[in-house]
Number of protein chains: 2
Amino acid sequence: MGERADAARNRAAILDAAESLFQRADLDHVSLERIAQVAGVGKATVLRRFGDLLGLVDALIAPRVAALQDRVRSGEPPLGPGGDPVARLHAYLDALLDFVLDSRTLIRALEHYGPYAYYANPASQFWIGELTDRIRAARPTVDAGYLAHAVFTALRADVVDYLQQHRHMDAERIRAGVHSLADPRLTDPPARPDERNPA
Amino acid sequence: MGERADAARNRAAILDAAESLFQRADLDHVSLERIAQVAGVGKATVLRRFGDLLGLVDALIAPRVAALQDRVRSGEPPLGPGGDPVARLHAYLDALLDFVLDSRTLIRALEHYGPYAYYANPASQFWIGELTDRIRAARPTVDAGYLAHAVFTALRADVVDYLQQHRHMDAERIRAGVHSLADPRLTDPPARPDERNPA
DNA sequence: TCCAATATGGTCCGGCGGTCCGCTTAGGCA
DNA sequence: TGCCTAAGCGGACCGCCGGACCATATTGGA
């Protein structure tokens, strides 16, 4: 048997309330009680549905994550499978940054619970693994494992938020920075194309 | 008049207790009450001395920060003033990473209070400013403002901790990664020395 | 219509950071 | 040396949190 009608209604109300609260307020002022109150349910209902606040945030992010994972796993190149390795790397960086810019409040909520809630999230593991692969394919000579983590860290929602809100960098400056972080050949030694083979 | 003897004793006891607790336990299990208890004083005594927990952590880190700032501002080159710009950059990165490795538990405690407690800290502003200058001097063609923040983020205590504890990267791998993040010319186009002038 | 399975939410619990205020103690001074 | 006041002190208290509990209300198939 499916979910009871009232349960479904409450689930939706809770998700709506949580999303709007996370968008609106400072993270520390979003409490379980407040979410329940805005959703018009009791605290216990929120917890029974989602386990804890982390589970609730997970449920909010899940569809966005799934959408991007689909495009990465089976969409059009260069974001999807196939295409030039360098183009694949940069398309992926663009997609990740767009995802972060779009979901920043939810991601920050996720980061807010537990020190490694962000990295530990299965989706993040996927992002990092994919990033590692694409860096390795595009730049065989670097430590892709480390660089992937460094780039992914530069794409943390709190970092991006900080650069925008407090250092007044716009999205395109950050985007350019991330690209050249992952692949400095584009910007640093200016104009030296087609020298990928060491010897 | 100076500080009363009992006050000085308590200040020292509190600092000791806090430091050892931050070293030993998970951050969330270090509470004001626990610190006071270990120090053998009341909670109010801790707060009167240091304002709040953030102030206490600040007081713990301050001497380490001051020591490094001295070396940077008036020590021997290349960490101190003077010397080759590239060497200055790399000496600085080494010093920053050593500082983080050495003070990681305290820095993580600092990061634990407030989302931007780390970046907002005056010392961090100094580190980032200095890093920006050194990147700009060593690599005039890149966006030093962005890159400095990205590198500094890669040096966050929580990030370094994560890479060591959960991804099993040793300190030297991280060190190499940070260096090549800040100056990819060293590693990426392999073995191409002395081509610093674009034309 | 009925009733068992399911969903619900007010109440309670332990613990937190931080404040308050009556009590204790240190230490300068006569 | 002894006293007295300013400084230091800490346990009780406040408001708030996330989460557990369980008596009650609701749903929807038989």
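Residues numbered from 1 in each chain as written. Chains lettered and ligands numbered in written order. Predicted model: local features only at pLDDT ≥ 70, side-chain atom pairs only at ≥ 80, totals over all residues. Heavy atoms only, no water.

## Some points on the protein's contact with DNA strand C
Part 1 of the argument: Near DNA strand C you find 22 residues, and of these Asn10, Arg48 and Arg49 of chain A together with Ala5 and Lys43 of chain B are the closest.
Part 2 of the argument: Near-protein atoms of DNA strand C (within 4 Å) split between backbone and bases, with sugar and phosphate holding 61%.
Part 3 of the argument: Gly42 of chain A is positioned such that a nitrogen or oxygen atom in its backbone is 3.1 Å from a phosphate oxygen of DNA strand C.
Part 4 of the argument: In this structure, a phosphate oxygen belonging to DNA strand C sits 2.6 Å away from a side-chain N or O atom of Arg49 of chain A.
Part 5 of the argument: Top contributing element to the surface near DNA strand C by residue count: helix α3 (residues 43-50) of chain A, with five residues. (Near = heavy atom within 4 Å. Polar contact = N/O pair within 3.5 Å; in protein donor to acceptor, adjacent residues only side chain to side chain. Helix = DSSP H or I, 4+ residues; strand = E, 2+ residues; numbered from the N terminus.)

## Some points on the protein's contact with DNA strand D
Part 1 of the argument: Close contacts around DNA strand D come from 23 residues, with Leu32 and Lys43 of chain A together with Asn10, Thr45 and Arg49 of chain B the closest.
Part 2 of the argument: Within the backbone of Ala5 of chain A, one N or O atom sits 2.9 Å away from a phosphate oxygen of DNA strand D.
Part 3 of the argument: Contributions of two or more residues to the surface near DNA strand D are made by α1 (5-24), α2 (32-39) and α3 of chain A together with α1 (5-24) and α3 (43-50) of chain B.
Part 4 of the argument: The element contributing the most residues to the surface near DNA strand D is α3 of chain B, with five residues.

## Some points on the packing of aromatic side chains
Part 1 of the argument: Within this structure, the stated rule accounts for 14 aromatic pairs over all chains.
Part 2 of the argument: Summarising the aromatic geometry, the rings of Phe99 of chain A and Trp127 of chain A are spaced 5.8 Å apart at their centres and angled 55° between planes, so their arrangement reads as tilted. In this pair, Phe99 of chain A is assigned in helix α5 (residues 85-112) and Trp127 of chain A in helix α7 (residues 122-138), connecting sequence segments 28 residues apart.
Part 3 of the argument: Pairing Tyr119 of chain A with Tyr162 of chain B gives two aromatic rings, centres 4.3 Å apart and planes at 15°, and the pair type is stacked. Linking Tyr119 of chain A in helix α6 (residues 117-120) with Tyr162 of chain B in helix α9 (residues 157-165), this pair reaches from one chain into another.
Part 4 of the argument: Residue Tyr119 of chain A is classed as buried on the basis of its relative accessible area of 2%.
Part 5 of the argument: Joined through ring pairs, the aromatic side chains of Tyr116, Tyr118, Tyr119 and Phe152 of chain A together with Tyr162 of chain B make up one cluster. (Phe/Tyr/Trp six-rings, centres within 6.5 Å; stacked < 30°, edge-to-face > 60°. Buried < 20%, exposed > 50% of the residue type's maximum accessible area, 1.4 Å probe, protein only.)

## Here we look at the nonpolar core
Part 1 of the argument: Phe22 and Trp127 of chain A together with Phe22 and Trp127 of chain B are the most contacted members of the largest nonpolar core, which has 136 residues in total.
Part 2 of the argument: Excluding its chain neighbours within four sequence positions, the residues that come into contact with Phe22 of chain B are Leu27, Val30, Val57, Leu60, Thr105, Leu106, Ala109 and Tyr113 of chain B. (Core = buried A, V, L, I, M, F, W, Y, C linked by side-chain atoms within 4.5 Å. Contact = heavy atoms within 4.5 Å.)

## What to know about the domain arrangement of chain A
Residue and element names in this part refer to chain A.
Part 1 of the argument: Split into domains, chain A comes out as domain 1 (1-51) and domain 2 (52-199).
Part 2 of the argument: Domain 1 puts 14 residues into the contact, and the matching count from domain 2 is 14 residues.
Part 3 of the argument: A per-residue breakdown of the area domain 1 buries against domain 2 is headed by Phe22, Leu27 and Phe50, which together make up 47% of the total.
Part 4 of the argument: Run the count over domain 1 and domain 2 and you get one salt bridge.
Part 5 of the argument: The closest approach of N and O atoms between Arg64 and Glu19, which form a salt bridge, is 2.9 Å.
Part 6 of the argument: Along the contact surface separating domain 1 from domain 2 lie four residue pairs in polar contact (both at pLDDT 80 or more). (Domains from an automatic or database assignment. Buried area = accessible area lost by both parts, 1.4 Å probe. Salt bridge = Lys/Arg side-chain N within 4 Å of Asp/Glu carboxyl O.)

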